[in-house]
Amino acid sequence: MDLSLTGEQEQLRRTARDFATRARKSGAARGPSAAALSAWAEMAKLGWFSLAVPERLGGYEAPFDLGVLMEGLGMAACPGPVYDAAVLAPAVLSSLDTADSRELLTGIQAGTVRPVVLIGAESGAASTVHRCDVRVMGDALAGAAFPVRHLAWATHVLVLAADTTHDGGWSLVVVPTDVTGYVADELEAFGDTAHRLQVDGVPLSACVVIPIAPPDLAGVRSAVVSSVAALCAFQVGSCQAALDMSVAYCNQRMQFGKLIGSFQRVQDHIIELLIALDSARWTTYSALAEQAAGPLPVVEIHLAKAVTSEAHLAACDSAHEVHAGIGCDIDYGLAPHTYLSRDLHAYLGSPAWHRRELVAALDLVGSRTATDPTAP
Amino acid sequence: MDFHVTYSESQQRFRAEVAQWLADVVPSELLGSNEHFENRDAYELRRDLGRSLGARGWLYPMAPPEYGGGGLDLDAALVVAEELRRLGLGLPPYYDSGGVLGSASILHWGTDEQKAELLPPIYRGEQRTWQLLTEPSAGSDVAAVATTAVRDGDDYLISGQKSFIGSLHGADAHWALVRTGPAEDRHHNLSWFMIDGSSAGITITPQHLLGGIDKNTIFLDEVRVPAGRLVGGENKGWQVAFTHLDHEHGLRSDRFLGQELHRAWERIVEGIADPASGVSTDDPVVVDLLAKIYVKKETVRLLGKRNYWLAMENRPRTYEGPQGYYLEKKTTQWLASALLELFGGAATANVFAGDAGAALVEQQALGAMAMHGGGTGEIQKLIMSRALRLGKPATSASAPE
Ligand SMILES: Cc1cc2nc3c(=O)[nH]c(=O)nc-3n(C[C@H](O)[C@H](O)[C@H](O)COP(=O)(O)OP(=O)(O)OC[C@H]3O[C@@H](n4cnc5c(N)ncnc54)[C@H](O)[C@@H]3O)c2cc1C
């Protein structure tokens with residue numbers, strides 16, 4: 001057994017953290033400025049958008065390294081749809097493997113395509129938005145999705161749309177964000193900008209439509225599950241930042257003539273934060289490591305997200321208690337993590353959803369009936 | 001034991017009178033509106049309403065009538081607060097922390113002259129007042145404030161910096177805790193001033209908090225304040241602070257009514273009925289969560305009710321105020337996570353068709369900030385522990401620390 005990161009992985013995490021710190025300082029959080037777009041190009045050049053793409057499709061798939069990258073980016077709450085571009089879109093597109101999906105993968109890896117992925121719960125996959133009821137209607141799209149983050153960054157929206165024109169019932173529709181009928185209305189939101197996206201009347205001729213054959217839908221769902229641990233890693237990075245900030249602050253802030261870190265009640269908050277962080281980290285690392293080693297570790301993945309979403313919230317609440325007033329000031333640096341902890345809580349499935357999937361994956365109900373015929 | 005406020009026939013008539021009057025004067029713009037994000041026009045409407053309430057003595061209904069208060073008893077005062085709550089409004093119907101807390105201190109500690117001069121503008125709604133306690137290096141340790149007032153003839157000159165103050169749209173006056181004695185005379189070097197907001201030397205810069213909520217940093221540069229505006233005696237500010245903080249930590253009627261959490265509950269009920277919420281009340285997890293939210297908000301309300309009764313009946317109190325305040329803070333913090341569980345992604349962005357959505361989303365910011373304002377959770381625990389004399393031998397003298 002060896003639970004350490006390699007020197008290269010440590011380096012990758014540091015590079016990612018420093019990169020995200022600079023991206024955030026450039027004001028990119030508000031939207032894709034010139035500085036943010038050049039940062040995007042740099043990420044592509046570093047090969048970060050290739051870590052979820054299999055070699056046969058031109059990438060160099062490495063699930064654990066991808067997690068390490070995301071952890072580093074999470075440490076500075078990297079702005080923009082980096083998770084969509086580095087993890088989710090490549091996984092979904094790779095699972096479909098058509099000429100169209102390959103072309104898009106090339107664009108994503110080159111940094112010219114900036115995707116936002118929209119998946120609703122009705123598809124049976126972990127959802128990325130609260131509601132997504134986009135349908136193929138004749139030769140156009142209809143419906144809406146909300147709330148959608150990072151839309152201002154996107155060149156394309158990848159939406160899993162209900163499609164009754166073929167047996168599979170679903171298609172992946174790639175919608176360029178400059179087509180007619182595409183309407184994004186900003187919503188009042190806590191944290192990063194969020195939109196309600198309406199696609200009524202967007203002509204299919206302006207989109208790429210990838211029909212999903214019945215046997216491939218399971219593949220898409222698996223692709224989404226396979227993307228969850230890297231999201232958890234992003235949250236782990238954010239928890240780590242909350243801890244680092246809190247420890248530094250409690251060893252510097254004086255009240256009553258003492259460092260606040262010397263108060264047991266403040267120490268308690270740091271300790272709770274640390275428990276949250278380590279719980280998130282080790283469930284996540286376990287899922288990433290199993291994923292790198294073999295078949296999709298469904299149990300470990302659901303475990304990781306069920307733990308990490310709640311840990312992220314707890315870590316930020318504790319960090320706020322350590323900081324009190326100053327932590328609430330949006331210029332201080334804790335706010336982006338607080339926002340993330342809430343944005344990502346139900347993203348790709350709420351903790352309750354993952355707990356349910358976990359129990360299903362453990363096959364508990366089945367085994368109990370098998371051994372105890374009197375059980376209900 | 002009787003948990004009900006009993007309303008006599010005349011009180012019921014009073015309720016009808018209040019309700020009718022409010023229906024006539026409250027502008028529709030304020031119904032369901034959120035003060036944190038309102039523009040100047042809406043703020044002015046709130047102030048107009050405050051002046052109208054003040055003219056009838058209903059803005060500060062229990063305050064003595066000789067200073068412009070209503071002179072009503074507890075039950076009648078509650079009727080006014082309840083009828084405003086029905087319209088989604090507090091009492092006062094705008095953020096007036098320095099008015100609520102400052103007037104309680106002035107009433108207790110001020111000279112007759114000061115009461116006659118300083119209370120009527122507050123009670124009549126002519127003046128909105130912020131409270132100025134916190135400084136960059138004096139938060140929990142509020143006794144360590146470094147803003148100083150130096151005597152200059154018949155006036156004082158006040159200089160320093162206050163942070164996390166107030167709200168939007170400015171204030172007419174500032175109720176401020178400052179240092180008037182040497183730094184080493186801890187607890188014997190503080191004084192309270194009512195500072196006119198239009199005085200020269202005051203600079204206000206906005207401070208943006210989570211969720212778009214606004215506070216301010218206030219710079220005071222040799223602000224000239226008449227000596228008559230020092231309330232409670234020079235260097236006696238620490239005693240006065242107890243009146244101020246006691247009110248903040250549990251004696252307010254909005255606590256008695258469990259106002260904030262109850263309003264959140266009403267919005268949750270509205271929110272789950274909204275088709276965009278996607279919440280199904282057939283789901284046992286949802287049912288359990290709703291029950292938990294209700295249980296917690298009712299517990300907070302009943303402890304608040306007890307505290308208010310204790311105070312109004314002048315019964316002995318020790319730990320109760322900070323206990324109620326702490327539980328309210330913790331519940332507000334917890335509620336944010338409960339809403340994420342209940343509404344998922346809809347808890348962080350307003351996707352709702354109805355009016356409840358914006359306020360539900362705001363609960364995320366309120367949850368992250370709940371523990372800090374008015375004394376952190378730790379400070380509430382500290383005050384409770386002291387009141388309970390934990391770790392103190394039974395024989396030791398009970399001198400306040
Ligand atoms: C939304 C909001 C509104 C506010 N409104 C106002 C206002 O209108 N007017 C005003 O004057 N101020 C206001 N404040 C400021 C508020 O009163 C302070 O934030 C609060 O008193 C805590 O001070 P601090 O932020 O400096 O934290 P600190 O005192 O620096 O506390 C940092 C940490 O140390 C802990 N700590 C400190 N001392 C002890 C101790 N002895 N034992 C154990 N733990 C300790 C705290 O609990 C906290 O965890 C507001 C703050 C917020 C967030």
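In this numbering scheme, every chain counts its residues from 1 along its sequence in written order. All chains are assigned letters beginning with A, and all ligands numbers beginning with 1, in the order in which they are written. Totals for whole chains, interfaces and linings use all residues, but because this is a predicted model, local features are given only for residues with pLDDT of at least 70 and pairs of side-chain atoms are given and counted only at 80 or more. Hydrogens are left out, water is left out, and the side-chain values use all remaining heavy atoms of the structure.

1. A word on the pairing of strand β3 (residues 155-165) of chain B
Residue and element names in this part refer to chain B.
Alright, step 1. One requirement defines pairing of two strands: DSSP has to find at least two bridges between them. What counts as a helix is a DSSP run of H or I of at least four residues, what counts as a strand is a run of E of at least two, and both are numbered from the N terminus. Here 5 bridges tie strand β2 (residues 148-152) to β3, and the two strands are oriented antiparallel to one another. Looking at the pairing, R151 lines up with Y156 of β3.
Alright, step 2. The loop that links β2 with its antiparallel partner β3 comprises 2 residues; one of these, G153, has a positive phi angle of about 65 degrees.
Alright, step 3. In the sheet, β3 pairs with strand β7 (residues 214-226) via 8 bridges, with the strands oriented antiparallel.

2. Things to note about the confidence of the model for chain B
All names here are of chain B.
Alright, step 1. Here pLDDT means the predictor's own confidence in every residue, given as a number from 0 to 100. Of all residues in chain B, 95% attain a pLDDT of 70 or more, and the chain-wide mean is 92.
Alright, step 2. When the criterion is pLDDT under 50, residues 397-401 qualifies, and its contacts beyond four places in sequence or with other chains add up to 6 contacts.
Alright, step 3. For this predicted complex, the interface confidence comes out at an ipTM of 0.94, alongside a pTM of 0.95. Note on definitions: a residue-residue contact is assigned when non-hydrogen atoms from the two residues lie within 4.5 Å.

3. With respect to the domain arrangement of chain B
Residues and elements named next belong to chain B.
Alright, step 1. Segmentation of chain B into domains returns domain 1 (9-94), domain 2 (129-235) and domain 3 (249-387).
Alright, step 2. Facing the 7 residues of domain 1 at the interface are 7 residues of domain 2.
Alright, step 3. Between domain 1 and domain 2 the total buried area reaches about 580 Å² when both faces are included, carbon and sulfur atoms providing 49% of it.
Alright, step 4. By the criterion of area lost to domain 2, the three top residues of domain 1 are H36, F37 and Y43, representing 58% of everything that side buries.
Alright, step 5. Salt bridge criterion: a side-chain nitrogen from Lys or Arg within 4 Å of a carboxyl oxygen from Asp or Glu. At the boundary of domain 1 with domain 2, the tally comes to 1 salt bridge.
Alright, step 6. Its salt-bridge partner being R47, residue D172 comes within 3.1 Å of it at the nearest N-O pair. All domain edges in this entry derive from an automatic or database-based domain assignment. The buried area of a pairing is the accessible area, by a 1.4 Å probe, that goes missing from both parts when the two are put together, added over both.

4. What to know about the site of the ligand
Alright, step 1. For each residue, the test is whether any non-hydrogen atom lies within 4 Å of the molecule or strand; if one does, the residue is near. Around the ligand, a shell composed of 26 residues is seen, among which R253(A), E321(A), S140(B), T376(B) and E378(B) lie nearest.
Alright, step 2. Two N or O atoms form a polar contact when they lie within 3.5 Å of each other; inside protein one atom must be a possible hydrogen donor and the other a possible acceptor, and for residues adjacent in sequence the pair counts only when both atoms belong to side chains. Measuring from an oxygen atom of the ligand, one finds a side-chain N or O atom of Q255(A) at 3.5 Å.
Alright, step 3. One of the side-chain nitrogen or oxygen atoms of T134(B) is found 2.7 Å away from a nitrogen atom of the ligand.
Alright, step 4. Working definition of accessibility: Shrake-Rupley area with a 1.4 Å probe, residue cover restricted to the visible protein chains. Relative to its unbound accessible surface of 970 Å², the ligand loses 92% to contact with the protein.
Alright, step 5. Secondary structure elements with two or more residues in the shell around the ligand: α9 (298-323) of chain A together with β1 (129-132) and β3 of chain B.
Alright, step 6. Residue composition of the shell around the ligand, grouped by class: 11 nonpolar, 11 polar and 4 charged. Charged residues are taken to be Asp, Glu, Lys and Arg, nonpolar residues to be Ala, Val, Leu, Ile, Met, Phe, Trp, Tyr, Cys and Pro, and polar residues to be all remaining types, Gly included.

5. A few points about the packing of aromatic side chains
Alright, step 1. Note on aromatic pairs: the rings of Phe, Tyr and Trp (six-membered ring only in Trp) are paired at centre separations within 6.5 Å, and the planes decide the class, stacked below 30 degrees, edge-to-face beyond 60, tilted for the rest. In the structure shown here, the tally under the stated rule is 17 aromatic pairs over all chains.
Alright, step 2. Between W40(A) and F49(A), the ring centres sit 5.1 Å apart and the planes meet at 35 degrees, which makes this aromatic pair tilted.
Alright, step 3. Accessibility expressed as a relative area gives 1% for W40(A), which makes it buried.
Alright, step 4. When the ring of Y60(B) is compared with that of Y123(B), the centres are 5.2 Å apart and the planes differ by 45 degrees; the resulting orientation is tilted. Of this pair, Y60(B) sits in the loop between α2 (40-55) and α3 (74-86) while Y123(B) sits in helix α5 (residues 112-123), and the two are 63 residues apart along the sequence.
Alright, step 5. Only protein chains enter the accessibility calculation, which uses a 1.4 Å probe. A residue is then buried if its area is under 20% of the maximum for its type, exposed if over 50%, and partly exposed in between. A relative accessible area of 2% places Y123(B) in the buried class.

6. Side note on the nonpolar core
Alright, step 1. Formed by 73 residues in total, the largest nonpolar core has its most connected members in M70(A), L73(A), Y83(A), L172(A) and L348(A).
Alright, step 2. It is helix α4 (residues 82-96) of chain A that contributes the most residues to this core, 10 residues altogether.
Alright, step 3. Look past the residues within four positions of Y83(A) in its chain and what remains in contact with it is M70(A), L88(A), S227(A), V228(A), A230(A), L231(A), Y347(A) and L348(A).
Alright, step 4. Here, nonpolar core refers to any group of buried Ala, Val, Leu, Ile, Met, Phe, Trp, Tyr and Cys residues whose side-chain atoms link them within 4.5 Å. Ranked by size, the runner-up nonpolar core spans 42 residues in total, among them L89(B), L101(B), A143(B) and M194(B).

7. Remarks on the side chain of K115(B)
All names here are of chain B.
Alright, step 1. With respect to the secondary-structure elements, K115 resides in helix α5.
Alright, step 2. Although K115 lies buried, it forms no salt bridge, and the closest oppositely charged side chain, D112, sits 4.2 Å away as judged by the N-O distance.
Alright, step 3. Here L107 takes part through its backbone oxygen, which lies 3.3 Å from a polar atom of the side chain of K115.
Alright, step 4. Those residues in contact with K115 that lie beyond four places of it in its chain are Y67, I106, L107, G110 and P120. Lys and Arg are tallied as positive, Asp and Glu as negative. Neither His nor the chain termini are counted.

8. Things to note about unusual backbone geometry
Alright, step 1. In this structure, P147(A) follows F146(A) across a cis peptide bond, with omega equal to -15 degrees.
Alright, step 2. Of the consecutive residues L91(B) and P92(B), the connecting peptide bond is found in the cis state with omega at -10 degrees.
Alright, step 3. Summarising the element assignment, P92(B) is placed in the loop between α3 and α4 (97-109).
Alright, step 4. The backbone of D97(A) shows a phi angle near 50 degrees, a positive value even though the residue is not glycine.
Alright, step 5. Within the fold, D97(A) resides in the loop between α4 and α5 (99-110).
Alright, step 6. On the basis of relative accessible area, D97(A) is assigned to the partly exposed category, the value being 28%.
Alright, step 7. Even without being a glycine, H150(A) presents a positive backbone phi close to 65 degrees.
Alright, step 8. Tracing the sequence through the fold places H150(A) in the loop between β5 (144-149) and β6 (156-163).
Alright, step 9. Its relative accessible area of 23% is what places H150(A) among the partly exposed residues.

9. Regarding the sheet that holds strand β8 (residues 183-187) of chain A
Each strand in a sheet pairs with another by means of backbone hydrogen bonds, the pair being arranged parallel or else antiparallel.
Residues and elements named next belong to chain A.
Alright, step 1. Strand order in the open sheet formed by 4 strands is β2-β5-β9-β8, with antiparallel pairing between adjacent strands. Looking at which strands have only one partner, the edges of the open sheet turn out to be β2 (131-132) and β8.
Alright, step 2. Pairing analysis gives 2 bridges linking β2 to β5, with the strands arranged antiparallel. Each bridged residue has a counterpart across the sheet, and for R131 the counterpart in β5 is F146.

10. Focus on the environment of G228(B)
Alright, step 1. Examined against the element boundaries, G228(B) turns out to sit in the loop between β7 and β8 (230-231).
Alright, step 2. The spacing of G228(B) and M194(B) is 34 residues in sequence and 9.2 Å in space, taken between C-alpha atoms.

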